[in-house]
Amino acid sequence: MEDTFWELRNDQRPCFGLLPTDDHWERIQLPRSKYDHYDTVIYLDGDHVRYIVQHGEWEHLEHALDEMLTPDRQFILPKRAKKPIKLSAATISKRSSVGMCLSYSRPQRSGSGSVCLYNSAGMGYYRSWVAGDQIGVMEDFRRWCDWWCEHTTEADLADIAGFASRKTQTVKLQEGDVFRFRWTRGVWGYGRLLLDYRLMRKQKIPFFDCLMGPPLAIEVFRIISRDPNLPLDTVLAHNAMPAQNIMDNALHFGEFEIIGHAPIPEDRDLRCPVMYGKSYAVRSNLLMYQQGRIYRELPGGKPLGEYDFRNSGIGWSLDVSMTEVHACIQQGETVYWNPQHYSRQRDLRNPAHAQTLKAVRKQMGV
């Protein structure tokens, strides 16, 4: 474990949309909780907790807080709870953040770390895995912070300050909606909503419902641009990466911003991911196939191929990075089907499984 506690300097914090700590605030280090691999520091303005920093060899987190303590500073005054909560590193870390949050984490047995910069509404401003940035150990994270600040312009400061104040909204989505998102600071990407599985559930349309959460199928266009206002026709003229299934959070709550609507492509179903395999239901003997709205089931069928192709694991973020899109722009889609990528290796659309996909479609009558 590191011996030195590290945190951003006050002159650096605005570069991440974080508010500087005040000189008259009291800096207190809390005793480490039993299972923590990091130390926790809070900043107090009298009995008001204003800021928190957690730092260790494997992770770092800092953001503003808005919590009141009892006069003896032993308890956190409740906002919704019935009684005060004992102040500790564990309890204060569970309180809601205010404004922007900067986090770094690295699995202890992995050389690869990840950085996320997001606001308290849960909207991401920067994700290292989406930007394609390789940020390894803690020292790499510190250097990255210095680099980020050195390259921050006045326009960047204004942009992130505005982003910090954004509130969660509820967006009504339509299949065919075109949206924009940040690859990284000042660099934009664009995508399209191909299929809303939530509607299929609501309308009780039979399908291989093996996806967690409220899922959507989206495609990301091969666009890396500093223009956040590309015309709709310009966006649609670009080729797209292979579509992915994703939870609806980024679109439903407004992180990905809808810029327009276009007719659903005629080949929409064939653009969507393939889900193929045995039903998860314990007593079911059904073999299922789903691609877009194409659905087939085969009682007692035996799955073909060497992998589990159910393709049911989805997340909240894009499964493709800016670096990968740039490589596909330069070299073609073959780059996307990296054999080292676990989920893509088990995607029936992978050209390596062309013969299996042909056999599967024949088996399922597609």
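To be clear, the structure that these remarks concern was listed above.
Remember, predicted model here, so these are calculated numbers, not experimental data.

### Notes on the nonpolar core
So, step 1. Phe16, Leu102, Leu117, Tyr126, Phe141 and Trp144 are the most contacted members of the largest nonpolar core, which has 31 residues in total.
So, step 2. Those elements that provide at least two residues to this core are β2 (39–45), β3 (48–55), β7 (98–105), β8 (114–119), β9 (124–127), α3 (138–150) and α4 (154–164).
So, step 3. Looking at this core, the element that brings in the most residues is α3, giving six residues.
So, step 4. Leave out the neighbours within four places in its chain, and phenylalanine 141 touches Trp6, His60, Leu102, Tyr104, Val115 and Ile135.
So, step 5. In terms of nonpolar packing, the next biggest core, distinct from the first, is built from 23 residues, Leu173, Met241, Tyr336 and Trp337 among them.

### What to know about the pattern of salt bridges
So, step 1. One pass over the structure, following the stated rule, counts 29 salt bridges.
So, step 2. In this structure, arginine 95 engages glutamate 67 in a salt bridge whose closest nitrogen and oxygen atoms are separated by 3.4 Å. Of the two residues, arginine 95 sits in the loop between α1 (89–92) and β7 while glutamate 67 sits in strand β4 (residues 59–68), which places them 28 residues apart along the sequence. The same class applies to arginine 95 as to glutamate 67, namely buried.
So, step 3. Of the charged contacts in the structure, one is a salt bridge between arginine 271 and glutamate 219, with a shortest N-O distance of 3.1 Å. Here arginine 271, found in helix α8 (residues 268–271), pairs with glutamate 219, found in strand β12 (residues 215–220); they are 52 residues apart in sequence, far enough to count as distant.
So, step 4. Connected through salt bridges with shared partners, the residues Glu7, Arg13, Arg27 and Glu62 form a single ionic network.

### Brief notes about the sheet that holds strand β16 (residues 286–291)
So, step 1. The three strands are arranged β15-β16-β17 in an open sheet whose pairing can be described as antiparallel. The open sheet is flanked by β15 (274–278) and β17 (294–299), the only strands paired with a single partner. In this sheet, adjacent strand axes meet at a mean angle of 5 degrees when their direction is disregarded.
So, step 2. Alignment of β15 against β16, held across five bridges, turns out to be antiparallel. Paired with glycine 277 across the two strands is methionine 288, which belongs to β16.
So, step 3. Along the sheet face, helix α11 (residues 354–364) touches β15, β16 and β17 and points at about 115 degrees away from the line of β16.

Cut-off values and rules
Residues numbered from 1 in each chain as written. Predicted model: local features only at pLDDT ≥ 70, side-chain atom pairs only at ≥ 80, totals over all residues. Heavy atoms only, no water. Core = buried A, V, L, I, M, F, W, Y, C linked by side-chain atoms within 4.5 Å. Buried < 20%, exposed > 50% of the residue type's maximum accessible area, 1.4 Å probe, protein only. Helix = DSSP H or I, 4+ residues; strand = E, 2+ residues; numbered from the N terminus. Contact = heavy atoms within 4.5 Å. Salt bridge = Lys/Arg side-chain N within 4 Å of Asp/Glu carboxyl O. Pairing = 2+ DSSP bridges. Axes fitted to C-alpha atoms, helices over the stretch in contact; angles between N-to-C directions.

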